[in-house]
Amino acid sequence: MSRRSPRPTDLGSELPPISYVWETPNRRPRRAEWDIPDPAAPARLTPAMRAKLERIVRRAPEVMVKITGRTKSVAHLKSHLAYIMRNGELDAETEQGATLAGRSGLKDLQQRWEDDAGLDDKRRRDGSLSINIILSMPAGTDAIAVKDSARAFAIETFGDNHDYVFVQHLDDKHPHVHLTVRSLGHNGKRLNPRKADLQAWRERFAGELRLRGIAAEATPRRTRGRVRKGDRGAVLAMRKRKVTPDVDRLARKEVLSEVRGGRTAKHPWEEQIKSRQDAIRRRYLDYAAELQRSGVAADHALARQIRQFVKDMPAVETRRHALKNELSELADTRRRDAEQGVKEGREKRRGQEQTR
């Protein structure tokens, strides 16, 4: 892939596809509509691509589709179903559109899924019975639209092959839906989603929300200039309990060793991260330049928004860089405090001498 700036007359030969800035690095299960170029001008912005760029630079709310866990025993499965239905206080909906209400509905669901689990005689001991998913949107999003979008997402993604049940929770500021999908499909294959599948799920959920008038997007972190991965739930829980996780302790130890030794360790992945971010930012600016050349006022406005978006992107900072900056700031604070203490001590002694 070329990393040189494009020539206006030969844009297609110099640049990767526009989707480079927002697709995941992994193989995609299928191509989305905005990833299909115009055959007559492969490097040009199609209406779908332009619309996605507008949503990105205007910072449309990002959807969350997250696998929260897997149930690996009947007892765990029944407990999870009771949790998402709040022991029958909340209604659940199945892949057939049936509504299960109250404790009787919960017990019927638990019994049916328990019976089906008994027929799964080829499951390994550590194999999952179900995969548990949360679909969520930021606070203030219309809850009915979220539920309708989750229903449509589930039908499109799992309806042909997997049993599932979903329940909406409204006791949190973020409207969200718990979706539990039976791992074993009707075709005998087990559900085993990968990173690219999760991204495709996010895009599908965002698309369903947009169909219902909700501004939503599903871009990877790197599209917005963020390179640090989110911490795992277990790590966040430990920090909340004021317990230092091993990952934090080892990272600090490595950074302290670098600082004290006056050296900087080089990690190949950090160069790769920086190189990828450089390419993404250039890609945005290349298309801003193309829009600027169109002579259309709306294109010129979008070009300005794209340039401002790139300008506002955060610095490329890994977790190790953040720790190093944190330790450096701490050292500076301690040094200033020590210097201030010495200064105050001198002034105190000077004042005592004057009173004598």
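Computed from a prediction, not measured in an experiment: that's the story for all the values here. (Residues numbered from 1 in each chain as written. Predicted model: local features only at pLDDT ≥ 70, side-chain atom pairs only at ≥ 80, totals over all residues. Heavy atoms only, no water.)

Some points on the overall build of the protein chain
And then number 1: Assigned secondary structure in the protein chain consists of eleven helices and six strands.
And then number 2: A burial count over the protein chain gives 41% of its 356 residues as buried.
And then number 3: Long-range contacts, defined as pairs at least 24 residues apart, comprise 72% of the intrachain contacts of the protein chain with a sequence gap of at least 6.
And then number 4: If you sum the accessible surface of the protein chain, you get close to 21,000 Å²; carbon and sulfur atoms cover 50% of it. (Helix = DSSP H or I, 4+ residues; strand = E, 2+ residues; numbered from the N terminus. Buried < 20%, exposed > 50% of the residue type's maximum accessible area, 1.4 Å probe, protein only. Contact = heavy atoms within 4.5 Å. Areas by Shrake-Rupley, 256 points an atom, 1.4 Å probe, with all protein chains shown as cover.)

Points about the environment of V146
And then number 1: Within the secondary structure, V146 sits in helix 5 (residues 143–158).
And then number 2: For V146, a relative accessible area of 0% gives the class buried.
And then number 3: Considering only alpha carbons, one finds V146 and E208, 62 residues apart in sequence, at a separation of 8.9 Å.
And then number 4: The residues contacting V146, other than those within four sequence positions of it, are M137, T141, Q168, P175, V177, F205 and L209.

Quick word on the sheet that holds strand 3 (residues 99–100)
And then number 1: The antiparallel open sheet is built from six strands, whose spatial order is 1-4-6-5-2-3. Each having just a single partner strand, strand 1 (64–71) and strand 3 make up the two edges of the open sheet.
And then number 2: In this structure, strand 2 (residues 92–94) lies alongside strand 5 (residues 164–169), joined through two bridges in antiparallel fashion. Of the residues in strand 5, the one forming a bridge with T94 is V165. (Pairing = 2+ DSSP bridges.)

Remarks on the pattern of salt bridges
And then number 1: Applying the stated criterion to the full structure yields 15 salt bridges.
And then number 2: Put simply, E54 and R50 hold a salt bridge, and the shortest N to O gap is 2.4 Å. Here the residue E54 and the residue R50 both occupy positions in helix 2 (residues 47–57), the gap between them amounting to four residues, near one helical turn. We note that E54, like R50, is buried.
And then number 3: Between E217 and R210 there is a salt bridge whose closest N-O contact spans 3.9 Å.
And then number 4: You can call E217 buried: its relative accessible area is 2%.
And then number 5: Residue class for R210 comes out partly exposed when judged on its relative accessible area of 27%.
And then number 6: If you follow the salt bridges from partner to partner, you end up with K52, R55, R210 and E217 in one network. (Salt bridge = Lys/Arg side-chain N within 4 Å of Asp/Glu carboxyl O.)

Remarks on helix 5
And then number 1: With 16 residues, helix 5 extends 22 Å from end C-alpha to end C-alpha; this agrees with the ideal 22 Å at 1.5 Å per step.
And then number 2: Here helix 5 has its buried residues at A145, V146, S149, A150, A152, F153, A154, T157 and F158.
And then number 3: On the buried face of helix 5, the contacting elements are strand 4 (130–136), strand 5, strand 6 (176–182) and helix 6 (195–211).
And then number 4: Measuring from the backbone nitrogen of I144 back to the side-chain oxygen at the start of helix 5 gives 3.4 Å, which picks out D142 as the cap. (Expected span 1.5 Å × (residues − 1). Polar contact = N/O pair within 3.5 Å; in protein donor to acceptor, adjacent residues only side chain to side chain.)

Brief notes about the confidence of the model for the protein chain
And then number 1: The pLDDT averaged across the protein chain works out to 79; a share of 68% of its residues lies at or above 70.
And then number 2: A low-confidence stretch, residues 1–16 (pLDDT under 50), is modelled with 22 contacts involving residues beyond four sequence positions or located in other chains.
And then number 3: Low pLDDT, under 50, characterises residues 25–29; the stretch is placed with 14 contacts to residues that sit more than four places away or in other chains. (pLDDT = per-residue confidence, 0-100.)

Some words on the packing of helix 5 against helix 6
And then number 1: Axis separation between helix 5 and helix 6 bottoms out at 9 Å; the angle between their running directions is 135°. Classified by the angle their axes make, helix 5 and helix 6 are oblique. At the point where helix 5 passes helix 6, the crossing takes the right-handed sense. In this structure, helix 5 uses A145, V146, S149, A150, A152, F153, E156, T157 and F158 to contact helix 6, whose residues at the interface are W201, R204, F205, E208 and L209. (Axes fitted to C-alpha atoms, helices over the stretch in contact; angles between N-to-C directions. Parallel < 35°, antiparallel > 145°, perpendicular 65-115°, else oblique. Left-handed = near helix turned anticlockwise from the far one by under 90°.)

Focus: unusual backbone geometry
And then number 1: Phi is positive for R59, close to 60°, though the residue is something other than glycine.
And then number 2: Relative to the elements of secondary structure, R59 occurs in the loop between helix 2 and strand 1.
And then number 3: Judged by its relative accessible area of 49%, R59 is partly exposed.
And then number 4: You will see that N87, though not glycine, has its phi angle at about 55°, which is positive.

As for the environment of N132
And then number 1: Note on placement: N132 falls in strand 4.
And then number 2: We classify N132 as buried; its relative accessible area is 5%.
And then number 3: Not counting the four nearest positions on each side in its chain, N132 is found in contact with K66, I67, T68, G69, R70, T71, H80, L179 and T180.

Quick look at the nonpolar core
And then number 1: Counting 25 residues, the largest nonpolar core has V63, I133, M137, F158, L179, F205 and L209 as its most contacted members.
And then number 2: Among the secondary structure elements, those contributing two or more residues to this core are strand 4, helix 5, strand 5, strand 6 and helix 6.
And then number 3: A per-element tally of this core places helix 5 first, with six residues.
And then number 4: For L209, the residues in contact, after removing those within four places along its chain, are V63, M137, A145, V146, S149, I214 and A216.
And then number 5: Counting residues in each nonpolar core, the second largest holds 16 residues, with M49, I280, A288 and A303 among its members. (Core = buried A, V, L, I, M, F, W, Y, C linked by side-chain atoms within 4.5 Å.)

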